[in-house]
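# Observations on chain architecture
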Amino acid sequence: MRSATLTLAALAAAALLAAPGPARAQPSPKRGSIELGAGNYTPDVDSGFAKPGPYEQVFGGGKGWMFRAGMGYALYSGVGVVEAGFRSGYFRRSGKGIVDVSGTDVRSGDKTTFNIIPTSLTLTYRFDWMAEQWHVPLAPYARLAAERYNWWVTDGRGKSVESGATNGWSWTAGVALLLDVIDPGSARDLDRETGLNHTYLFFDVTQAKVDDFGSKKSWDLSNKDLAMAGGLMFVF
């Protein structure tokens with residue numbers, strides 16, 4: 001009797017050991033992403049002018065800040081993600097106007113502002129395989145974009161005195177740091193409760209050529225130098 005009891009206990013223990021454990025929670029399907037960021041930007045309006053050009057004379061030669069927000073829709077999710085998306089943002093610089101007095105340029109006391117709302121149609125590839133499969137919390141990415149920069153200039157009374165839109169294209173290369181590794185448990189709970197797969201901190205560089213494809217009649221709003229940007233990206 002005792003031998004039979006021991007045999008049954010051994011079989012029960014073996015069955016428990018052989019039984020599969022609780023399934024690991026799988027991330028929810030990826031549908032797209034949202035990003036919020038900012039980067040430096042100096043429009044190359046003065047290209048073709050002797051230094052200092054009109055933009056530098058009015059607004060100075062320093063870099064300004066361009067704020068951007070974007071949303072992407074996942075076209076493919078496997079070995080990395082391919083997203084089609086839309087981005088927009090805002091750039092503004094203020095300065096003192098210049099008037100022509102007897103053939104001489106004189107700085108006036110009137111404030112003038114140069115405003116840009118950039119809009120972009122984007123195609124992005126993000127290699128998140130390392131972060132999700134190899135536990136290396138980095139996701140390099142590359143992006144191509146069709147650009148349209150809507151701009152206007154205001155005078156001291158805030159009235160628009162000149163406006164237009166300039167088209168072009170840009171490329172971006174960057175890397176995103178997976179923040180889920182700070183607290184994986186909370187990240188999984190957030191995904192289960194809200195569908196937010198991952199949160200990333202991103203850094204990238206962009207070269208934009210926004211000059212109506214070389215038109216001599218358009219303002220050149222290309223980056224004067226490579227633009228560096230950073231921000232947060234939420235994958236859902």
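Below is a short write-up of the structure. (Residues numbered from 1 in each chain as written. Predicted model: local features only at pLDDT ≥ 70, side-chain atom pairs only at ≥ 80, totals over all residues. Heavy atoms only, no water.)

Another point: the overall build of the chain. Looking only at helices and strands, the chain has four helices and eight strands in total. Element order for the chain, N to C, with α for helix and β for strand: α-β-α-β-β-β-α-β-β-α-β-β. The buried share of the chain, taken over its 236 residues, is 37%. A separation threshold of at least 6 residues defines the contact pool for the chain, and within that pool the share at least 24 residues apart is 67%. If you sum the accessible surface of the chain, you get close to 13,700 Å²; carbon and sulfur atoms cover 64% of it. (Helix = DSSP H or I, 4+ residues; strand = E, 2+ residues; numbered from the N terminus. Buried < 20%, exposed > 50% of the residue type's maximum accessible area, 1.4 Å probe, protein only. Contact = heavy atoms within 4.5 Å. Areas by Shrake-Rupley, 256 points an atom, 1.4 Å probe, with all protein chains shown as cover.)

Let's shift gears to empty space enclosed by the protein. This structure, assessed with the given rule, holds three cavities of 30 Å³ or more. Its volume calculated, the largest cavity comes out at about 250 Å³. What lines the largest cavity is a set of 21 residues, and nearest its centre among them are Met66, Arg68, Arg87, Thr206 and Ala229. Of the residues assigned to the lining of the largest cavity, the class counts are nine nonpolar, six polar and six charged. Its volume calculated, the second largest cavity comes out at about 100 Å³. As for the second largest cavity, its lining consists of 13 residues, and the residues nearest its centre are Glu35, Glu83, Thr122, Thr124 and Arg143. A per-element tally of the lining of the second largest cavity places strand β3 (residues 80-101) first, with four residues. Per-class residue counts for the lining of the second largest cavity are two nonpolar, six polar and five charged. (1 Å grid on protein atoms, 1.4 Å probe; cavity = no way out; pocket = protein on both sides within 12 Å on 5 of 7 lines; lining within 4 Å. Points joined across faces, edges and corners; volume = space filled by probe spheres on them. Nonpolar A, V, L, I, M, F, W, Y, C, P; charged D, E, K, R; others polar.)

Further remarks concern the packing of aromatic side chains. Taken as a whole and judged by the stated rule, the model has nine aromatic pairs. Judged by centre distance (6.4 Å) and plane angle (55°), the rings of phenylalanine 114 and tryptophan 151 are tilted. In this pair, phenylalanine 114 sits in strand β4 (residues 104-126) while tryptophan 151 sits in strand β5 (residues 138-154), placing the two residues 37 residues apart along the sequence. We note that phenylalanine 114, like tryptophan 151, is buried. (Phe/Tyr/Trp six-rings, centres within 6.5 Å; stacked < 30°, edge-to-face > 60°.)

Quick look at the nonpolar core now. If you look at soluble globular proteins, the nonpolar side chains tend to sit buried side by side. Of all hydrophobic cores here, the largest spans 15 residues; its most connected members are Tyr41, Phe91, Phe114, Ile116, Tyr149 and Leu221. Elements supplying a minimum of two residues to this core: α2 (54-59), β4 and β5. In this structure, tyrosine 149 is in contact with Tyr41, Met66, Arg68, Ile116, Ile117, Pro118, Gly164, Ala165, Thr166, Ala208, Val210 and Leu221, ignoring residues within four places of it in sequence. Counting nine residues, the second-largest nonpolar core is a separate cluster that includes Ala131, Tyr141, Leu178 and Tyr200. (Core = buried A, V, L, I, M, F, W, Y, C linked by side-chain atoms within 4.5 Å.)

Attention now moves to the side chain of glutamate 147. Tracing the backbone shows glutamate 147 in strand β5. No salt bridge is formed by the buried glutamate 147; its nearest oppositely charged neighbour, arginine 68, is found at 4.0 Å. A polar atom in the side chain of glutamate 147 sits 2.7 Å from the side chain of serine 170. Ignoring anything within four residues of it in the chain, the contact list for glutamate 147 reads Arg68, Thr119, Ser120, Thr166, Asn167, Gly168, Trp169, Ser170 and Val210. (Lys, Arg positive; Asp, Glu negative; His and termini not counted. Salt bridge = Lys/Arg side-chain N within 4 Å of Asp/Glu carboxyl O. Polar contact = N/O pair within 3.5 Å; in protein donor to acceptor, adjacent residues only side chain to side chain.)

A few words on a nonpolar patch on the surface. Where nonpolar side chains cluster on the molecular surface, the patch consists of Tyr73, Leu75, Tyr76, Val79, Leu123 and Tyr125 and spans about 620 Å² of accessible area. At the level of secondary structure, the elements contributing two or more residues to the nonpolar patch comprise β2 (64-78) and β4. With three residues, the single largest contributor to the nonpolar patch is β2. On the secondary structure map, leucine 123 appears in strand β4. (Patch = residues over 30% accessible without salt bridge, like charges linked within 9 Å, V, L, I, M, F, W, Y side chains within 5 Å.)

Within the element layout of this structure, threonine 122 appears in strand β4. In contact with threonine 122, other than residues within four places in its own chain, are Glu83, Ala84, Gly85, Phe86, Arg87, Arg143, Leu144 and Ala145.

So, on to the pattern of salt bridges. With the rule as written, the count across this model stands at eight salt bridges. Between aspartate 128 and lysine 30 there is a salt bridge, and its shortest N-O distance comes to 2.6 Å. Taken together, the positions of aspartate 128 in the loop between β4 and α3 (129-133) and lysine 30 in the loop between α1 (2-18) and β1 (32-41) put the pair 98 residues apart, joining distant regions of the chain. The exposure classification of aspartate 128 matches that of lysine 30, with both residues buried. A salt bridge links arginine 126 to glutamate 83; the nearest nitrogen and oxygen atoms lie 3.3 Å apart. Within this pair, whereas arginine 126 is found in strand β4, its partner glutamate 83 is found in strand β3, the two being separated by 43 residues in sequence. Each member of the pair arginine 126 and glutamate 83 is classed as buried.

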